[in-house]
Amino acid sequence: MTDSSCSRRRVLSAAGAALAAGTLASGASAQDAAKDDKIKILAISGSARKGKTTAAGLQAVLEAAKAVSPAVEVELIELSGMKFEPPGSKAADDFEALAAKLTDPKVAGIVLGSPTYFANMSGLMKSFLDKWTVFRKGFALKDKVAASLAVGGARNGGQELVNESMKWVLMSMQMVLVGDGEPTVHRGATLWNQKDDVTADEWGMGTATALGTRVAQTALKIRGLK
Ligand SMILES: Cc1cc2nc3c(=O)[nH]c(=O)nc-3n(C[C@H](O)[C@H](O)[C@H](O)COP(=O)(O)O)c2cc1C
């Protein structure tokens, strides 16, 4: 057996396990979710430090999303402290519970947030996202809105590169990618951490707010809600 056929078998078997556990919901049940006229936007922080600047940036995104409409519910998930086995591993980890949350038909938008580590996403975020290969079987995240945020210790520390690297994963899921909307209109939120505080970064906070607004507006439009 070749290496590639072996690893493909492992991915398919992981996807099969997730399907058996009911974690990969199909698009059909998105209609059920729309029945209660509410949607949910999830933000996921890949920071090793709980409640620090990445979480603060994502909170600003979620507050802006919530302000768009009473139909929008939000939740912040922090990966800090969680463990993710390599894709294909049969060992238990924290992914399965998260997969169920992500594929919940009520979830209409997902915002990834990572600190900038050497101009790339954190290892924690990468090990989490590598598990997303299971979603390619049936494309359980298809047509959910996706966006990203990056925080760095320098104003131009590589935040845009972090957003770009997360974007490749989101695109591989057939998600609907958006950037920060008006007035900033760029390719995702980019924040500058100054002494463990992002709130003084007026521009960066503006991108976070514009991102949350754009994610919520687009998700509502896709679900035919206001
Ligand atoms: C291993 C490591 C690498 C880092 N590399 C960068 C970098 O390339 N560019 C940058 O602007 N900041 C860099 N930083 C700073 C973090 O991105 C910054 O402190 C961020 O706000 C941390 O997020 P947190 O508060 O959620 O932990 C690095 C920090 C660490 C620990």
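Further up the page is the structure itself.
Notes on the structure in this doc start here. (Residues numbered from 1 in each chain as written. Predicted model: local features only at pLDDT ≥ 70, side-chain atom pairs only at ≥ 80, totals over all residues. Heavy atoms only, no water.)

## A short note on the environment of Leu-177
Going by this rule: Only DSSP runs of H or I with at least four residues qualify as helices, and only runs of E with at least two residues qualify as strands; both kinds are numbered from the N terminus onward.
By the element assignment, Leu-177 lies in strand β5 (residues 176-177). Put simply, Leu-177 and Arg-187 are 10 residues apart on the chain and 9.6 Å apart in space, counted from C-alpha to C-alpha.

## Some words on unusual backbone geometry
Test applied: Partly exposed residues are those whose accessible area sits between 20% and 50% of the maximum for their type, while under 20% is buried and over 50% is exposed, using a 1.4 Å probe and protein chains only.
Omega for the peptide link from Glu-182 to Pro-183 comes to 10°, which places this bond in the cis form. Phi at Gln-174 takes a positive value of approximately 60°, unusual for a residue other than glycine. Accessibility expressed as a relative area gives 34% for Gln-174, which makes it partly exposed. Phi is positive for Val-185, close to 50°, though the residue is something other than glycine. Here Val-185 is to be found in the loop between β5 and β6 (189-192). Given the relative accessible area of 48%, Val-185 is considered partly exposed.

## Focus on the packing of aromatic side chains
Under the convention used in this document: Geometry of aromatic contacts follows a simple scheme: Phe, Tyr and Trp rings, the Trp one being its six-membered ring, pair when their centres are within 6.5 Å, and the pair is stacked under 30 degrees between planes, edge-to-face over 60, tilted otherwise.
Following the criterion strictly, the structure yields 5 aromatic pairs and no others. Judged by centre distance (5.7 Å) and plane angle (45°), the ring pair of Phe-95 and Phe-135 falls under tilted. In this pair, Phe-95 is assigned in helix α4 (residues 95-103) and Phe-135 in the loop between α5 (123-130) and β4 (145-152), connecting sequence segments 40 residues apart. Summarising the burial analysis for this pair, Phe-95 and Phe-135 share the class buried. Put simply, the rings of Phe-84, Phe-95, Phe-128, Trp-132 and Phe-135 pair up and form one aromatic cluster.

## Regarding helix α7 (residues 202-223)
The criterion, for reference: Take the residue count of a helix, subtract one, and multiply by 1.5 Å to get its expected span.
An ideal rise of 1.5 Å per residue puts 32 Å on 22 residues; α7 measures up with 32 Å between its terminal C-alpha atoms. Directly beyond the C-terminal end of α7, a positive phi value near 70° is found at Gly-224.

## Some details on the site of the ligand
Keep this limit in mind: Nearness is defined per residue: one heavy atom within 4 Å of the molecule or strand is enough. Polar contacts here mean pairs of N or O atoms no more than 3.5 Å apart (in protein, one a potential hydrogen donor and the other a potential acceptor; neighbouring residues in sequence count only if both atoms are side-chain atoms). All accessible areas in this document rest on Shrake-Rupley with a 1.4 Å probe, and a residue is counted as covered only by the protein chains that are shown.
Lining the immediate surroundings of the ligand are 16 residues, of which Ser-47, Arg-49, Thr-53, Thr-54 and Thr-116 lie closest. Side-chain polar atom of Ser-47 to an oxygen atom of the ligand: 2.8 Å apart, as the coordinates give it. Contacts to the ligand include Phe-118, whose backbone N or O atom sits 2.9 Å from a nitrogen atom. For the ligand, whose accessible area on its own is 630 Å², the fraction buried by protein is 73%. Of all the elements in the fold, those that place two or more residues in the shell around the ligand are α3 (53-68) and β4.

## A look at the environment of Ala-108
Here is the rule: Here, two residues are considered to be in contact whenever any of their heavy atoms come within 4.5 Å of each other.
Its place among the elements puts Ala-108 in strand β3 (residues 107-115). Judged by relative accessible area, which is 3%, Ala-108 ranks as buried. As for Ala-108 and Arg-223, which are separated by 115 residues in sequence, their C-alpha atoms are 7.8 Å apart. If we ignore the near neighbours within four places in the chain, the residues touching Ala-108 are Ile-39, Lys-40, Lys-144, Val-145, Ala-219 and Arg-223.

## Details of the layout of surface pockets
Rule in force here: Cavities and pockets were defined on a 1 Å grid built from protein atoms only: a cavity is a group of points that admits a 1.4 Å probe but offers it no way out, a pocket is an open group of points flanked by protein on both sides within 12 Å along at least five of seven lines, and a lining residue is one with an atom within 4 Å of any such point. Grid points are joined across faces, edges and corners, and a volume is the space filled by probe spheres set on the points. Under this grouping Gly is polar, as are all residues other than the nonpolar Ala, Val, Leu, Ile, Met, Phe, Trp, Tyr, Cys and Pro and the charged Asp, Glu, Lys and Arg.
Here the second largest pocket is characterised by a volume of approximately 250 Å³. Along the walls of the second largest pocket sit 15 residues, with Asn-163, Glu-164, Lys-167, Arg-187 and Gly-188 positioned nearest its centre. The element contributing the most residues to the lining of the second largest pocket is helix α6 (residues 159-171), with 6 residues. Its residues placed into classes, the lining of the second largest pocket shows 6 nonpolar, 5 polar and 4 charged.

Nothing here speaks to function; it is geometry throughout.
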